[in-house]
Amino acid sequence: MEIRVLGHRLGVRDDDGAPIVISRRQVRELLCVLAIERGALVSAARLAELLWDPEDAHRTRGPKQVIYNARRVLPADRLRSKDGGYRLHLTDADYLDLSEFQQLTDQARSVHGTAPETAVELYRRALDLGGTAPLGDLPQTTGMEPIRQSLLGGLLDAREELAEALLRLHKFREVIDSVTLWLMEHPYSEHLVGLLMLAHYRSGRTAEALRVYREFLTLLGPRAKPGGWLNGVAVQISENRDDDWGPRPVHLATDEHRLTGGIDTTTPSPARVYDVLLGGKDNFAVDHEAAGRLTKRFPFAPQTARVNRAWVIRVVRFLLQAGVRQFIDLGSGLPTLENVHDVAQRKAPGSPVVYVDSDPLVCIYGRALLQQNQKVAMIEANAARPQEILEDPATQRLIDFDQPVAILLATVLHFISDRDDPSAAVRAYVEALPPGGYLAISHCTVPAERAEQAQAQTAPDIWGGSGIHPRDHDVIARYFDGLTLMEPGRLVDAPDWHPELAIDKVEKGLGNYWVGVGRKDTAPLTGA
């Protein structure tokens, strides 16, 4: 059997290659959902969540009628049921365009830097599977939207990487024509904007390249700023420098990486769920499902993620003003458009930054993205084991503990259970700080008026492991024992901490995080 889900319309052929006409849209949507799961069992409740929105009456009745209609058009025994769930029976002889897309892009990435001509051909074949209006028969539902965005993100990655390969082949006109069209669909893609600028610049059209940058700044608005990579491209072009600001490294985990790198794609990862909430695409279906459950229980989850990310950026600006030039970012998560090293090195070039995360995928991506920056390192380690981090060769190489250093524990301590003693870990980090060093913490709490809702959002089925462990004000404040809390001199909700340091508007907080920054003075103190 042949199944094509990536195009504008679902395409299905039987074992003899004859097309199967599926006139009912809900049957096409059901088959798209089951095909994307590649033969895995999907519960009836999960199917209903993906096929219909909560207010739809069909959701309460379940998918039985749609299953019945699907079985009427499919070859016998292709749609199976077990334990209250359903799955498509697929064999090695069957064809699924989504599998071919991933095989082609994996092959293209394996020769991306060594054989760009081959990579271009492979990327083109992969992108042709989606056509001009991809994923047209996926359900238009809230539950399906994270999966849709993940698949669209894969298509965008392939477009960006195709443009990179074309740049290496000096096919500037083709890059300009293609990327200009793609930006109509993805106008806020900084990577596409930078690739278009590079294509203009390398074809001798410097003024046009800078015009593209100015138009993008106008699109962002006066209070928003682009990320470090795009700024670097603009600086190189405006200064007509000879150094080669090549395309931003893009490294997506292949099946081989997932097997050899210890990446678990069956359990949600805090870093990847957080990436989904921030609108990223470096995640898996299990993370999208977890983020969907979280957003259903706690609709303001994406806002909370953005608020905390913005707080980290303000903290780095504050610390730079205080003279800090070294940073250790614990539980750093997946790289975004504005990272600690982007902010620090823009103000103080050469500032060393050590990123730490326990998620292997984070470290694979991070090392690929940071490979050109000798002052930045990514360590795979658990924040609950400080000695491993402090004694790591990368930390020892980059960080001088005789000089002020800042240790950032943003949205990480609440993933450490009391059994693993987060207080002991924090004490070890504080002891490692030299006089004039800083500790920054943001930590989830449970507002009394939303205790039931907060409990739902902290469950292990969303975050994996043991879930989140919110703590009250007094417990979090004790993490700062031996330090002097910086202005405003107490723990506050994230948006209330130095909002004047923000470049864009500070979103309103929800009272579910306490944040603070403490300085280690020469003489030890006794309180928070």
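Up top is the structure these notes are about.
None of these values were measured; they are calculated from a predicted model.

## Thoughts on the overall build of the protein
Along the backbone of the protein there are 23 helices and 13 strands. The buried share of the protein, reckoned over its 528 residues, is 52%. Long-range pairs, those at least 24 residues apart, make up 69% of the contacts in the protein between residues at least 6 apart in sequence.

## Notes on the sheet that holds strand β2 (residues 11-13)
Pairing is mixed in the open sheet, where three strands are placed in the order β2-β1-β6. Looking at which strands have only one partner, the edges of the open sheet turn out to be β2 and β6 (95-96). As paired elements, strand β1 (residues 2-4) and β2 share three bridges and run antiparallel to each other. Across the sheet, Arg4 pairs through a bridge with Gly11, a residue of β2.

## Quick look at the side chain of Asp94
Counting through the fold element by element, Asp94 comes out in the loop between β5 (85-88) and β6. For Asp94, a relative accessible area of 16% corresponds to the buried category. Among the polar contacts listed, one links the side chain of Asp94 to the backbone nitrogen of Thr91, at a separation of 2.6 Å. Once residues within four sequence positions are removed from consideration, Asp94 is found in contact with Met1, Asp15, Arg78 and His89.

## Let's talk about the pattern of salt bridges
Applying the stated criterion across every chain, the model contains 21 salt bridges. The shortest N-O distance in the salt bridge between Arg78 and Asp94 comes to 2.6 Å. Separated by 16 residues along the polypeptide, Arg78 in the loop between α4 (64-73) and β4 (79-82) and Asp94 in the loop between β5 and β6 bring together distant segments of the chain. There is no split in this pair, since Arg78 and Asp94 are both buried.

## Regarding the environment of Leu413
Tracing the backbone through its elements, the reader meets Leu413 in the loop between β10 (406-410) and α20 (422-432). Overall, the relative accessible area of 1% leaves Leu413 in the buried class. Here the alpha-carbon distance between Leu413 and Pro470, two residues 57 residues apart in the chain, equals 9.1 Å. Beyond its immediate stretch of four places on either side in the chain, Leu413 contacts Pro422, Val426, Ile441, His443, Arg471 and Tyr479.

## Observations regarding the nonpolar core
Core analysis: the largest hydrophobic core is formed by 77 residues, its most contacted members being Val5, Leu30 and Met197. No other element matches the 10 residues that helix α7 (residues 145-168) contributes to this core. In contact with Met197, not counting residues within four places along its chain, are Ala209, Val212, Tyr213, Leu230, Val233, Ala234 and Ile237.

## Focus on the packing of helix α6 (residues 116-128) against α7
The interhelical angle for the contact between α6 and α7, taken along N-to-C directions, is 150 degrees, at an axis separation of 9 Å. As the angle between them shows, α6 and α7 are arranged roughly antiparallel. As α6 runs across α7, the sense of the crossing is left-handed. Across from Pro116, Ala119, Val120, Tyr123, Arg124 and Leu127 in α6, the residues of α7 making contact are Leu155, Ala158, Arg159, Glu161, Leu162, Ala165, Leu166 and Arg168. A class-by-class count of the residues in the contact of α6 with α7 yields 10 nonpolar, no polar and four charged.

## Observations regarding the pairing of strand β7 (residues 327-330)
In β7, alternate side chains face the same way, and those of Phe327 and Asp329 on one face and Ile328 and Leu330 on the other are all buried. Where β7 and strand β8 (residues 353-357) come together, four bridges link them in parallel fashion. When the bridges of β8 are listed, Phe327 appears paired with Val353. Bridge count for β7 against β10 is four bridges, and the pairing is parallel. Bridge assignment links Asp329 to a residue of β10, and that residue is Leu408.

Conventions used here
Residues numbered from 1 in each chain as written. Predicted model: local features only at pLDDT ≥ 70, side-chain atom pairs only at ≥ 80, totals over all residues. Heavy atoms only, no water. Helix = DSSP H or I, 4+ residues; strand = E, 2+ residues; numbered from the N terminus. Buried < 20%, exposed > 50% of the residue type's maximum accessible area, 1.4 Å probe, protein only. Contact = heavy atoms within 4.5 Å. Pairing = 2+ DSSP bridges. Polar contact = N/O pair within 3.5 Å; in protein donor to acceptor, adjacent residues only side chain to side chain. Salt bridge = Lys/Arg side-chain N within 4 Å of Asp/Glu carboxyl O. Core = buried A, V, L, I, M, F, W, Y, C linked by side-chain atoms within 4.5 Å. Axes fitted to C-alpha atoms, helices over the stretch in contact; angles between N-to-C directions. Parallel < 35°, antiparallel > 145°, perpendicular 65-115°, else oblique. Left-handed = near helix turned anticlockwise from the far one by under 90°. Nonpolar A, V, L, I, M, F, W, Y, C, P; charged D, E, K, R; others polar.

Function-wise, these values are silent; they only describe arrangement.
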